[in-house]
Amino acid sequence: MKFLVIGLGSMGKRRVRNLKALEYRDIAGFDTRQERTKFAASEYNISTFDDFDEAVKEFEPEAFVISTPPDLHMIYAYYAFERGIHCFIEGSVVDADKILELSKKLKGTDTVIVPSCTMRFFPGSMEIKNLLNKGIIGKPLNFNYQSGQYLPDWHPWEIIEDFYVSNPETGGCREIVPFELTWLNDIFGDPKPLACVKRKLTDMNAPIDDIYHCLLEYPNGLIGNLTVEVVSRPKATREFRLIGSKGEIIFSGQDNTVKYINTSMKDWEIITFKTGTVEKQYINPEEPYIEEIRKFCSAVINKDISIYPNSLYDDYKVLKNLYDLESLSKASSLL
């Protein structure tokens, strides 16, 4: 299979590595910034282009991996659909209606177009789902979850004004809320947003809200408190605590552990995960990203989009959650 990675920034470079780890060799990259194309060509020994039409014409890709800023995702996704090119898309935050429309257009075709759901492949979130499926803590009642990292630390080599996460439409928190909801909703179901407070608390040089506090009600009465921020420093934060009718589950990103206890146990059972392969200038291991690309490739090879665990319609629903939360925040600020 021939892959064109569109966008050779941090995520695009990771996706090239993912494909090479899966032993794919027909890989090319496109980016309008020549310093990125030169680096990718030298570092990964792939063909690169700074003209998109030229890339498609000369390389003739069978699949796109879209790793551009989110406001460009649908431009390339619709281009792919119209030509029968399979497509993997990084997490989106804008264009929900276009995502829904593309989801409808895909029905009845063999073209595989799917959105990222990386956290579903992280061992911590997978273990939480596993424990709940076993009924270890009884009925889930309430969770508190905080995820964050100081925004200038995301790409310390890059001026923040040049990075799409400083744009209010595609801002750091705004992007990460659906990123986190993608795995939470997979486990707990489709929530009803109840309340949201979003604010700019820091003086970082970006006109964005740097914290979102979200209150959600899930099926069967579960209440979820989700905090997404781009404030935590010097270390990133990912801490999850779930209270059930018969016990608790705690996931610590810092410790890379999941621990649980229930009323029949005397002490916590602790599960520690391997660190994995962490590339220089990255904080997350490569393995979850490799696994989701493996699933995408399997769906393409088998011409079965259901092999991949996330869909454009799922993505649409998560973005609707985000938009509803933001509407609640706006309404509360007017009171």
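For the structure, check the block above.
For the structure given in this document, a descriptive report is provided here. (Residues numbered from 1 in each chain as written. Predicted model: local features only at pLDDT ≥ 70, side-chain atom pairs only at ≥ 80, totals over all residues. Heavy atoms only, no water.)

### Side note on helix H4 (residues 73-82)
Within H4, eight of the ten residues are buried, which leaves it mostly tucked inside the rest of the structure. If you check which residues of H4 are buried, you get His73, Met74, Tyr76, Ala77, Tyr78, Tyr79, Ala80 and Phe81. Looking one or two residues past H4, glycine 84 carries a phi angle of roughly 70°, positive in sign. (Buried < 20%, exposed > 50% of the residue type's maximum accessible area, 1.4 Å probe, protein only. Helix = DSSP H or I, 4+ residues; strand = E, 2+ residues; numbered from the N terminus.)

### Here's the deal with unusual backbone geometry
Look at the link from arginine 233 to proline 234: it is a cis peptide, with omega at 5°. On the secondary structure map, proline 234 appears in the loop between strand E10 (223-229) and strand E11 (237-244). Of note in the backbone geometry, aspartate 95 takes a positive phi value of approximately 65° without being a glycine. At glutamine 281, a residue that is not glycine, the phi angle is positive and equals roughly 75°. Take glutamine 281: it is sitting in the loop between strand E14 (269-272) and helix H8 (287-301).

### Remarks on the sheet that holds strand E3 (residues 47-49)
In space, the six strands of this open sheet follow the order E3-E2-E1-E4-E5-E6, with parallel pairing throughout. The outermost strands of the open sheet, each flanked by one partner alone, are E3 and strand E6 (113-115). Averaged over all adjacent pairs, the angle separating strand axes in this sheet is 20°, with direction ignored. Summarising the sheet, strand E1 (residues 3-6) and strand E4 (residues 63-66) pair through four bridges and their orientation is parallel. Looking at E4, one finds that valine 5 is bridged to valine 65. (Pairing = 2+ DSSP bridges. Axes fitted to C-alpha atoms, helices over the stretch in contact; angles between N-to-C directions.)

### Looking at the layout of surface pockets
Any empty space left between atoms is shown by rolling a water-sized probe over those atoms. Computed from the structure, the second largest pocket encloses a volume of approximately 300 Å³. Considering the residues around the second largest pocket, the lining is formed by 21 residues, among which Ser103, Leu106, Lys107, Ile305 and Ser311 are closest to the centre. Contributing elements (two or more residues each) for the lining of the second largest pocket: helix H5 (96-106), E6 and helix H9 (312-333). Here the lining of the second largest pocket takes four residues from H5, the largest share from any one element. Across the lining of the second largest pocket, the residue classes tally to nine nonpolar, seven polar and five charged. (1 Å grid on protein atoms, 1.4 Å probe; cavity = no way out; pocket = protein on both sides within 12 Å on 5 of 7 lines; lining within 4 Å. Points joined across faces, edges and corners; volume = space filled by probe spheres on them. Nonpolar A, V, L, I, M, F, W, Y, C, P; charged D, E, K, R; others polar.)

### Details of the packing of aromatic side chains
Evaluation of the coordinates by the stated rule reveals 21 aromatic pairs. On the numbers, 6.3 Å between centres and 80° between planes, the contact of phenylalanine 88 with tyrosine 308 is edge-to-face. Within this pair, whereas phenylalanine 88 is found in strand E5 (residues 86-89), its partner tyrosine 308 is found in the loop between H8 and H9, the two being separated by 220 residues in sequence. For the pair phenylalanine 88 and tyrosine 308, a shared accessibility class is recorded, and that class is buried. Three or more aromatic residues joined by ring pairs form one cluster here, namely Phe143, Tyr145, Trp183, Phe188, Tyr218 and Phe240. (Phe/Tyr/Trp six-rings, centres within 6.5 Å; stacked < 30°, edge-to-face > 60°.)

### A word on the nonpolar core
Phe64, Leu184, Phe188 and Phe240 are the most contacted members of the largest nonpolar core, which totals 77 residues. For this core, the element with the most residues is helix H7 (residues 172-188), which contributes eight residues. What phenylalanine 188 contacts, discounting residues up to four positions off in sequence, is Leu132, Pro140, Phe143, Tyr218, Pro219, Leu222, Phe240 and Leu242. Counting residues in each nonpolar core, the second largest holds 25 residues, with Tyr24, Tyr44, Ile293 and Cys297 among its members. (Core = buried A, V, L, I, M, F, W, Y, C linked by side-chain atoms within 4.5 Å. Contact = heavy atoms within 4.5 Å.)

### Section: the sheet that holds strand E9 (residues 211-217)
Read across the sheet, eight strands follow the order E8-E9-E10-E7-E11-E12-E13-E14 without closing on themselves; strand pairing throughout is mixed. With one partner strand each, in any of the chains shown, strand E8 (192-199) and E14 form the two edges of the open sheet. With strand direction ignored, the average angle separating the axes of adjacent strands in the sheet is 10°. Two elements, E11 and strand E12 (residues 247-252), share five bridges in a ladder whose sense is antiparallel. Bridging across to E12, arginine 241 finds its partner in isoleucine 250. Against the sheet, H9 contacts E8 and E9, and its axis sits at roughly 60° relative to E8.

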